[in-house]
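# Architecture and fold: a report
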Amino acid sequence: MIKMHMSAADEWAIFNEAAKIIFAWDESKPQTPRYNMGLNNYEQVIQHAESMAAELCVARYFGLDYDLNDNKGKIRADVGKAIEVKWTAYVGGNLIIAPSDRDNDVAVLVVGKSPEYFIVGWLPVIFAKRKRFKNPRQDTWWVDQGNLNPIENLSRSEYAATAI
């Protein structure tokens, strides 16, 4: 597990961009399902900002560029060539994979809240979509942290060339 820290300048830049994205949301267009529909707009901004900060942490860890203004959605990888970053505030939280996550990507779990985050580990999305991880209550797969590969191993794995 790798500890990462956001500066106050990072926090404000991320929050500003997250607010633009959330308040520009067009409910009439098809979107990726949001499982926490009970959030008001302010809470959605915070949740989106936290996920963007997690993406920035992963990009910095691997020494990759990350553009806050480039909202990739589910069209392209969050970071690098094929890294799908998953964030949860819960330090013991699971990696949660949705049907819309691309099978060829590598999912990386980041936990914590700004300004401190922890990059926990990774797993190819296709491996996470196995029957044993399927959540019976929603159309997602939940992988506990004990089933993730250490983040330090990704750069020397067979997935490094295609993901990073």
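Overview of the structure. (Residues numbered from 1 in each chain as written. Predicted model: local features only at pLDDT ≥ 70, side-chain atom pairs only at ≥ 80, totals over all residues. Heavy atoms only, no water.)

### Topic: helix 2 (residues 41-61)
Here helix 2 is 21 residues long and its end C-alpha atoms lie 30 Å apart, about the 30 Å a rise of 1.5 Å per residue gives. Sitting at the head of helix 2, N40 places a side-chain oxygen 3.0 Å from the backbone nitrogen of Y42. Just beyond helix 2, the residue with positive phi is G63, at close to 70 degrees. (Helix = DSSP H or I, 4+ residues; strand = E, 2+ residues; numbered from the N terminus. Expected span 1.5 Å × (residues − 1). Polar contact = N/O pair within 3.5 Å; in protein donor to acceptor, adjacent residues only side chain to side chain.)

### Points about the nonpolar core
Core analysis: the largest hydrophobic core is formed by 33 residues, its most contacted members being V58, I83, V108 and I119. Looking at this core, the elements with two or more residues in it are strand 1 (2-5), helix 1 (8-23), helix 2, strand 2 (83-88), strand 4 (106-113) and strand 5 (116-124). No other element matches helix 2, which puts nine residues into this core. If sequence neighbours within four positions are ignored, I119 has contacts with M1, I2, M4, C57, V58, Y61, V108, L109, V110 and I151. Core analysis: the second largest hydrophobic core is formed by 13 residues, A107, V111, V120 and L123 among them. (Core = buried A, V, L, I, M, F, W, Y, C linked by side-chain atoms within 4.5 Å. Buried < 20%, exposed > 50% of the residue type's maximum accessible area, 1.4 Å probe, protein only. Contact = heavy atoms within 4.5 Å.)

### Let's talk about the pairing of strand 5
Within strand 5, seven of the nine residues are buried, leaving the element largely enclosed by the surrounding structure. Inspection of the sheet shows strand 1 paired to strand 5 by four bridges, in the antiparallel sense. Counted as the bridge partner of K3 is F118 from strand 5. In this structure, strand 4 lies alongside strand 5, joined through eight bridges in antiparallel fashion. Bridging from a neighbouring strand, V106 pairs with P124 of strand 5. Here strand 4 folds back onto strand 5, and the loop between the two strands holds two residues. Strand direction decides the pairing type here: strand 5 and strand 7 (residues 149-150), joined by two bridges, are antiparallel. Within strand 7, the position partnered with G121 by the bridge is P150. (Pairing = 2+ DSSP bridges.)

### Notes on unusual backbone geometry
In this structure, P115 follows S114 across a cis peptide bond, with omega equal to 10 degrees. One can find P115 in the loop between strand 4 and strand 5.

### Quick look at the pattern of salt bridges
Opposite charge on two side chains permits them to pair, given that their charged atoms come into close proximity. Using the criterion set out here, one finds ten salt bridges in the structure. The partner of E84 in a salt bridge is K86, and the shortest N-O contact between them spans 3.6 Å. Pair check on accessibility: E84 and K86 agree, each one buried. One salt bridge connects D103 with K129, and the closest N-O pair in it is separated by 2.8 Å. Here D103, found in the loop between strand 3 (95-97) and strand 4, pairs with K129, found in the loop between helix 3 (125-128) and strand 6 (141-143); they are 26 residues apart in sequence, far enough to count as distant. Under the relative-accessibility criterion, D103 is labelled partly exposed at 37%. Counted as one network, the salt bridges with shared partners bring together E84, K86, D101, R102 and D105. (Salt bridge = Lys/Arg side-chain N within 4 Å of Asp/Glu carboxyl O.)

### Side note on a nonpolar patch on the surface
A cluster of nonpolar side chains, W12, F15 and I46, forms an exposed patch at the surface whose accessible area comes to about 350 Å². Locating W12 in the fold gives a position in helix 1. (Patch = residues over 30% accessible without salt bridge, like charges linked within 9 Å, V, L, I, M, F, W, Y side chains within 5 Å. Areas by Shrake-Rupley, 256 points an atom, 1.4 Å probe, with all protein chains shown as cover.)

### A look at the side chain of S157
Within the secondary structure layout, S157 lies in the loop between strand 7 and helix 4 (160-163). On the basis of relative accessible area, S157 is assigned to the buried category, the value being 19%. A polar contact of 3.1 Å, which involves the side chain of S157, links it to the backbone nitrogen of Y159.

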